[in-house]
Amino acid sequence: MGGRLEGKVAFITGAARGQGRSHAVRLAEEGADIIAVDVCKQISSESQISSASPEDLAETADLVKGLNRRIVTAEVDVRDYDVLKAAVDSGVEQLGRLDVIVANAGIGNGGQTLDKTSETDWDDMIAVNLSGVWKTVKAAVPHMLSGGNGGSIILTSSVGGLKPYAHTGHYIAAKHGVIGLMRTFAVELGQHSIRVNAVCPTNVNTPLFMNEGTMKLFRPDLESPGPEDLAVAAQFMHVLPIGWVEPVDVSNAVLFLASDESRYITGLPMTVDAGSMLK
(Lines give C-alpha, C1' and ligand atoms only; values in the text may rest on other atoms or scores of the structure.)
Protein backbone atom coordinates (compact mmCIF):
# COMPACT_ATOMS: atom_id res chain seq x y z
CA MET A 1 0.00 0.00 0.00
CA GLY A 2 1.20 3.50 -0.82
CA GLY A 3 0.78 6.54 1.38
CA ARG A 4 -0.12 9.46 -0.85
CA LEU A 5 -3.41 9.92 1.05
CA GLU A 6 -2.37 8.53 4.42
CA GLY A 7 -4.60 9.80 7.24
CA LYS A 8 -7.16 11.36 4.90
CA VAL A 9 -10.85 10.66 4.35
CA ALA A 10 -12.55 10.68 0.95
CA PHE A 11 -16.27 10.93 0.22
CA ILE A 12 -17.25 9.23 -3.06
CA THR A 13 -20.67 9.11 -4.72
CA GLY A 14 -21.68 6.39 -7.17
CA ALA A 15 -19.25 4.09 -5.41
CA ALA A 16 -21.01 0.73 -5.80
CA ARG A 17 -19.38 -0.21 -9.10
CA GLY A 18 -17.61 1.16 -12.18
CA GLN A 19 -15.53 4.29 -11.82
CA GLY A 20 -16.78 5.01 -8.30
CA ARG A 21 -15.69 1.62 -6.96
CA SER A 22 -12.37 1.96 -8.74
CA HIS A 23 -11.84 5.40 -7.16
CA ALA A 24 -12.66 4.05 -3.69
CA VAL A 25 -10.21 1.18 -4.04
CA ARG A 26 -7.44 3.29 -5.57
CA LEU A 27 -7.66 5.99 -2.90
CA ALA A 28 -7.79 3.34 -0.18
CA GLU A 29 -4.66 1.75 -1.64
CA GLU A 30 -2.95 5.06 -0.97
CA GLY A 31 -4.12 5.25 2.64
CA ALA A 32 -7.51 6.99 2.56
CA ASP A 33 -10.55 5.95 4.56
CA ILE A 34 -13.74 6.10 2.52
CA ILE A 35 -17.31 7.33 2.81
CA ALA A 36 -19.06 5.56 -0.08
CA VAL A 37 -22.62 6.14 -1.22
CA ASP A 38 -24.70 4.90 -4.13
CA VAL A 39 -28.40 4.92 -4.97
CA CYS A 40 -28.37 1.13 -5.53
CA LYS A 41 -31.62 1.19 -7.48
CA GLN A 42 -32.96 2.21 -10.87
CA ILE A 43 -33.27 5.97 -11.30
CA SER A 44 -34.31 6.63 -14.86
CA SER A 45 -37.56 5.02 -15.90
CA GLU A 46 -36.44 5.21 -19.52
CA SER A 47 -32.88 3.94 -19.12
CA GLN A 48 -32.04 0.51 -20.49
CA ILE A 49 -28.92 0.36 -18.32
CA SER A 50 -29.38 -1.46 -15.02
CA SER A 51 -28.24 0.40 -11.91
CA ALA A 52 -25.93 -0.86 -9.21
CA SER A 53 -27.29 -3.02 -6.40
CA PRO A 54 -26.84 -3.09 -2.62
CA GLU A 55 -24.67 -6.15 -3.18
CA ASP A 56 -22.39 -4.10 -5.44
CA LEU A 57 -21.94 -1.48 -2.71
CA ALA A 58 -21.21 -4.22 -0.17
CA GLU A 59 -18.55 -5.60 -2.52
CA THR A 60 -16.92 -2.17 -2.72
CA ALA A 61 -16.86 -2.08 1.08
CA ASP A 62 -15.24 -5.51 1.23
CA LEU A 63 -12.56 -4.46 -1.24
CA VAL A 64 -11.70 -1.38 0.81
CA LYS A 65 -11.69 -3.35 4.07
CA GLY A 66 -9.39 -5.85 2.40
CA LEU A 67 -6.87 -3.03 2.13
CA ASN A 68 -7.11 -2.46 5.90
CA ARG A 69 -8.91 0.84 5.45
CA ARG A 70 -12.12 1.96 7.11
CA ILE A 71 -15.26 2.53 5.05
CA VAL A 72 -18.74 3.84 5.82
CA THR A 73 -21.45 3.12 3.25
CA ALA A 74 -25.00 4.31 2.67
CA GLU A 75 -27.65 3.94 0.00
CA VAL A 76 -28.27 7.52 -1.10
CA ASP A 77 -29.88 9.26 -4.05
CA VAL A 78 -27.79 12.34 -4.86
CA ARG A 79 -30.99 14.14 -5.84
CA ASP A 80 -32.06 14.07 -2.17
CA TYR A 81 -29.98 16.73 -0.43
CA ASP A 82 -31.17 16.01 3.11
CA VAL A 83 -30.39 12.29 2.91
CA LEU A 84 -27.08 13.03 1.20
CA LYS A 85 -26.08 15.47 3.92
CA ALA A 86 -27.07 13.02 6.66
CA ALA A 87 -24.87 10.34 5.08
CA VAL A 88 -21.88 12.68 4.87
CA ASP A 89 -22.40 13.93 8.41
CA SER A 90 -22.57 10.37 9.73
CA GLY A 91 -19.48 9.33 7.79
CA VAL A 92 -17.44 12.26 9.05
CA GLU A 93 -18.61 11.63 12.60
CA GLN A 94 -17.36 8.05 12.35
CA LEU A 95 -14.13 8.70 10.47
CA GLY A 96 -13.22 12.02 12.03
CA ARG A 97 -12.59 14.36 9.10
CA LEU A 98 -13.07 15.01 5.39
CA ASP A 99 -10.29 15.84 2.94
CA VAL A 100 -11.46 14.68 -0.49
CA ILE A 101 -14.82 14.86 -2.27
CA VAL A 102 -15.32 12.85 -5.47
CA ALA A 103 -18.69 13.73 -7.01
CA ASN A 104 -18.84 10.78 -9.37
CA ALA A 105 -22.47 9.55 -9.39
CA GLY A 106 -24.05 9.72 -12.83
CA ILE A 107 -26.42 8.05 -15.25
CA GLY A 108 -26.65 7.50 -18.97
CA ASN A 109 -29.88 7.29 -20.89
CA GLY A 110 -31.48 8.39 -24.12
CA GLY A 111 -30.03 8.09 -27.60
CA GLN A 112 -32.44 10.57 -29.17
CA THR A 113 -31.67 13.91 -30.77
CA LEU A 114 -32.41 16.84 -28.47
CA ASP A 115 -35.63 17.75 -30.23
CA LYS A 116 -36.94 14.22 -29.58
CA THR A 117 -35.57 13.77 -26.05
CA SER A 118 -38.39 13.21 -23.57
CA GLU A 119 -38.88 15.57 -20.64
CA THR A 120 -38.47 12.61 -18.28
CA ASP A 121 -35.10 11.74 -19.79
CA TRP A 122 -33.99 15.37 -19.63
CA ASP A 123 -35.14 15.89 -16.04
CA ASP A 124 -33.54 12.66 -14.79
CA MET A 125 -30.25 13.49 -16.48
CA ILE A 126 -29.98 17.05 -15.19
CA ALA A 127 -31.15 16.08 -11.70
CA VAL A 128 -28.50 13.38 -11.27
CA ASN A 129 -25.56 14.42 -13.44
CA LEU A 130 -25.65 18.16 -12.70
CA SER A 131 -27.80 19.00 -9.69
CA GLY A 132 -26.55 15.88 -7.90
CA VAL A 133 -22.96 17.06 -8.30
CA TRP A 134 -23.84 20.47 -6.86
CA LYS A 135 -25.72 18.88 -3.95
CA THR A 136 -22.80 16.55 -3.24
CA VAL A 137 -20.37 19.43 -2.82
CA LYS A 138 -22.94 21.55 -0.98
CA ALA A 139 -23.55 18.74 1.52
CA ALA A 140 -19.92 17.85 2.11
CA VAL A 141 -17.84 21.02 1.84
CA PRO A 142 -18.89 22.44 5.23
CA HIS A 143 -16.79 19.69 6.83
CA MET A 144 -13.75 20.81 4.85
CA LEU A 145 -14.37 24.41 5.83
CA SER A 146 -14.78 23.62 9.52
CA GLY A 147 -11.73 21.36 9.47
CA GLY A 148 -9.54 24.21 8.31
CA ASN A 149 -7.12 21.91 6.50
CA GLY A 150 -8.08 22.75 2.93
CA GLY A 151 -9.01 19.87 0.69
CA SER A 152 -9.51 18.58 -2.82
CA ILE A 153 -12.79 18.26 -4.71
CA ILE A 154 -12.95 16.25 -7.93
CA LEU A 155 -16.05 16.36 -10.12
CA THR A 156 -16.68 13.76 -12.80
CA SER A 157 -17.37 15.45 -16.12
CA SER A 158 -16.53 13.95 -19.51
CA VAL A 159 -15.00 14.79 -22.85
CA GLY A 160 -18.70 15.40 -23.46
CA GLY A 161 -18.34 18.29 -21.02
CA LEU A 162 -15.85 19.90 -23.38
CA LYS A 163 -17.29 19.14 -26.82
CA PRO A 164 -20.61 17.96 -28.27
CA TYR A 165 -21.79 14.60 -29.50
CA ALA A 166 -25.06 13.90 -31.26
CA HIS A 167 -27.85 11.83 -29.70
CA THR A 168 -26.73 12.56 -26.12
CA GLY A 169 -27.56 16.24 -25.84
CA HIS A 170 -29.00 16.09 -22.33
CA TYR A 171 -25.85 14.31 -21.13
CA ILE A 172 -23.67 16.84 -22.96
CA ALA A 173 -25.57 19.72 -21.34
CA ALA A 174 -25.19 18.23 -17.87
CA LYS A 175 -21.49 17.52 -18.26
CA HIS A 176 -20.82 21.01 -19.64
CA GLY A 177 -22.64 22.29 -16.57
CA VAL A 178 -20.31 20.29 -14.32
CA ILE A 179 -17.36 22.21 -15.78
CA GLY A 180 -19.13 25.44 -14.86
CA LEU A 181 -19.70 24.17 -11.32
CA MET A 182 -16.06 23.15 -11.05
CA ARG A 183 -14.73 26.53 -12.12
CA THR A 184 -17.11 28.47 -9.88
CA PHE A 185 -16.44 26.30 -6.83
CA ALA A 186 -12.69 26.69 -7.50
CA VAL A 187 -13.01 30.48 -7.43
CA GLU A 188 -15.23 30.52 -4.37
CA LEU A 189 -13.33 27.98 -2.27
CA GLY A 190 -9.74 28.80 -3.21
CA GLN A 191 -9.36 31.23 -0.32
CA HIS A 192 -9.86 28.26 2.01
CA SER A 193 -7.09 26.22 0.29
CA ILE A 194 -9.73 23.95 -1.21
CA ARG A 195 -8.91 22.93 -4.76
CA VAL A 196 -11.61 21.98 -7.24
CA ASN A 197 -10.92 20.12 -10.47
CA ALA A 198 -12.74 17.81 -12.89
CA VAL A 199 -11.84 14.59 -14.62
CA CYS A 200 -13.05 14.34 -18.21
CA PRO A 201 -12.84 10.74 -19.39
CA THR A 202 -13.61 9.38 -22.81
CA ASN A 203 -15.41 6.03 -23.02
CA VAL A 204 -14.74 3.93 -19.92
CA ASN A 205 -15.04 0.16 -19.61
CA THR A 206 -17.98 0.16 -17.17
CA PRO A 207 -21.65 -0.90 -17.45
CA LEU A 208 -22.56 2.71 -18.27
CA PHE A 209 -20.68 2.34 -21.58
CA MET A 210 -20.48 -1.40 -22.16
CA ASN A 211 -24.14 -2.13 -22.79
CA GLU A 212 -26.44 -3.07 -25.63
CA GLY A 213 -27.78 0.45 -26.11
CA THR A 214 -24.33 1.98 -26.54
CA MET A 215 -23.26 -0.75 -28.91
CA LYS A 216 -26.30 -0.15 -31.10
CA LEU A 217 -25.75 3.62 -30.95
CA PHE A 218 -22.18 3.20 -32.20
CA ARG A 219 -22.99 0.45 -34.69
CA PRO A 220 -26.49 1.06 -36.11
CA ASP A 221 -25.35 -0.85 -39.19
CA LEU A 222 -25.39 -4.14 -37.26
CA GLU A 223 -28.37 -6.01 -35.87
CA SER A 224 -26.62 -7.37 -32.76
CA PRO A 225 -23.27 -5.61 -32.27
CA GLY A 226 -20.86 -6.82 -29.59
CA PRO A 227 -17.79 -5.38 -27.83
CA GLU A 228 -15.48 -6.10 -30.78
CA ASP A 229 -17.86 -4.26 -33.11
CA LEU A 230 -18.05 -1.38 -30.66
CA ALA A 231 -14.25 -1.18 -30.46
CA VAL A 232 -13.94 -0.69 -34.21
CA ALA A 233 -16.19 2.36 -34.14
CA ALA A 234 -15.07 3.77 -30.79
CA GLN A 235 -11.42 3.77 -31.81
CA PHE A 236 -12.17 6.46 -34.39
CA MET A 237 -12.86 8.86 -31.49
CA HIS A 238 -9.24 8.72 -30.33
CA VAL A 239 -5.69 9.47 -31.37
CA LEU A 240 -4.36 6.48 -29.47
CA PRO A 241 -5.41 3.12 -30.96
CA ILE A 242 -8.01 2.15 -28.33
CA GLY A 243 -11.78 2.29 -28.05
CA TRP A 244 -11.98 3.02 -24.33
CA VAL A 245 -9.97 3.40 -21.14
CA GLU A 246 -10.23 1.33 -17.96
CA PRO A 247 -11.72 2.67 -14.69
CA VAL A 248 -8.30 2.64 -13.01
CA ASP A 249 -7.00 5.06 -15.65
CA VAL A 250 -9.53 7.60 -14.42
CA SER A 251 -8.85 6.65 -10.79
CA ASN A 252 -5.16 7.43 -11.22
CA ALA A 253 -6.11 10.93 -12.36
CA VAL A 254 -8.48 11.28 -9.39
CA LEU A 255 -5.68 10.15 -7.08
CA PHE A 256 -3.29 12.73 -8.47
CA LEU A 257 -5.85 15.51 -8.05
CA ALA A 258 -6.66 14.32 -4.52
CA SER A 259 -3.02 14.16 -3.44
CA ASP A 260 -0.62 16.91 -2.45
CA GLU A 261 1.21 16.31 -5.73
CA SER A 262 -1.39 18.62 -7.29
CA ARG A 263 -1.41 21.09 -4.40
CA TYR A 264 -1.42 24.16 -6.65
CA ILE A 265 -3.70 22.81 -9.35
CA THR A 266 -7.28 24.08 -9.31
CA GLY A 267 -9.90 24.80 -11.94
CA LEU A 268 -8.51 22.14 -14.27
CA PRO A 269 -10.61 19.93 -16.56
CA MET A 270 -8.21 16.96 -16.73
CA THR A 271 -8.82 14.77 -19.75
CA VAL A 272 -8.30 11.01 -19.65
CA ASP A 273 -9.28 10.63 -23.25
CA ALA A 274 -6.70 8.83 -25.42
CA GLY A 275 -6.47 12.04 -27.44
CA SER A 276 -10.20 12.42 -28.07
CA MET A 277 -10.03 16.19 -27.64
CA LEU A 278 -7.57 16.35 -30.55
CA LYS A 279 -10.17 15.07 -32.99
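Preceding this section is the structure that the text describes.
Okay, so let's go over this structure. (Residues numbered from 1 in each chain as written. Predicted model: local features only at pLDDT ≥ 70, side-chain atom pairs only at ≥ 80, totals over all residues. Heavy atoms only, no water.)

**Quick look at the packing of helix α4 (residues 119-147) against helix α5 (residues 169-189)**
As a packed pair, α4 and α5 sit with axes 9 Å apart at the nearest point and diverge in direction by 20°. Taken together, the axis directions place α4 and α5 in an arrangement best described as roughly parallel. As α4 runs across α5, the sense of the crossing is right-handed. Facing Asp121, Trp122, Met125, Ile126, Asn129, Leu130, Val133, Trp134, Val137, Val141 and Leu145 of α4, the residues of α5 in contact are His170, Tyr171, Ala173, Ala174, Lys175, Gly177, Val178, Leu181, Phe185 and Leu189. Residue classes in the contact of α4 with α5 are distributed as 16 nonpolar, three polar and two charged. (Axes fitted to C-alpha atoms, helices over the stretch in contact; angles between N-to-C directions. Helix = DSSP H or I, 4+ residues; strand = E, 2+ residues; numbered from the N terminus. Parallel < 35°, antiparallel > 145°, perpendicular 65-115°, else oblique. Left-handed = near helix turned anticlockwise from the far one by under 90°. Contact = heavy atoms within 4.5 Å. Nonpolar A, V, L, I, M, F, W, Y, C, P; charged D, E, K, R; others polar.)

**Structural notes on the sheet that holds strand β6 (residues 194-201)**
Pairing within the open sheet is parallel, and its seven strands lie in the order β3-β2-β1-β4-β5-β6-β7. Every other strand in the sheet has two partners, leaving β3 (71-75) and β7 (269-272) as the edge strands with one partner each. When the angles between neighbouring strand axes are averaged without regard to direction, this sheet yields 15°. Here β6 runs beside β7; their pairing, made up of four bridges, is parallel. From the neighbouring strand, Val199 faces β7, where its bridge partner is Met270. Most of the contacts of helix α8 (residues 247-258) go to β6, to which it runs at about 165°, and overall it touches β4 (100-103), β5 (151-156), β6 and β7. (Pairing = 2+ DSSP bridges.)

**Digging into the pattern of salt bridges**
Following the criterion strictly, the structure yields 14 salt bridges and no others. Between Lys216 and Glu212 there is a salt bridge; the shortest N-O distance is 2.9 Å. In this pair, Lys216 and Glu212 both sit in helix α6 (residues 212-218), four residues apart, roughly one turn of the helix. Through salt bridges with shared partners, a single ionic network connects Glu6, Asp33, Arg69 and Arg70. (Salt bridge = Lys/Arg side-chain N within 4 Å of Asp/Glu carboxyl O.)

**Here's the deal with the nonpolar core**
Inside soluble globular proteins, nonpolar side chains tend to come together where they are buried. Core analysis: the biggest nonpolar cluster contains 43 residues, and Phe11, Leu98, Ile101, Val141, Ile153, Leu155 and Val196 have the highest contact counts within it. The element that contributes the greatest number of residues to this core is α4, accounting for 10 residues. Residue contacts for Val196: discarding those within four places in its chain leaves Ile153, Met182, Phe185, Ala186, Leu189, Thr266, Gly267 and Leu268. Grouped together as the second largest cluster of nonpolar side chains are 31 residues, Leu5, Ala10, Val199 and Leu255 included. (Core = buried A, V, L, I, M, F, W, Y, C linked by side-chain atoms within 4.5 Å. Buried < 20%, exposed > 50% of the residue type's maximum accessible area, 1.4 Å probe, protein only.)

In short, the description is geometric, and any link to function would need to be established separately.
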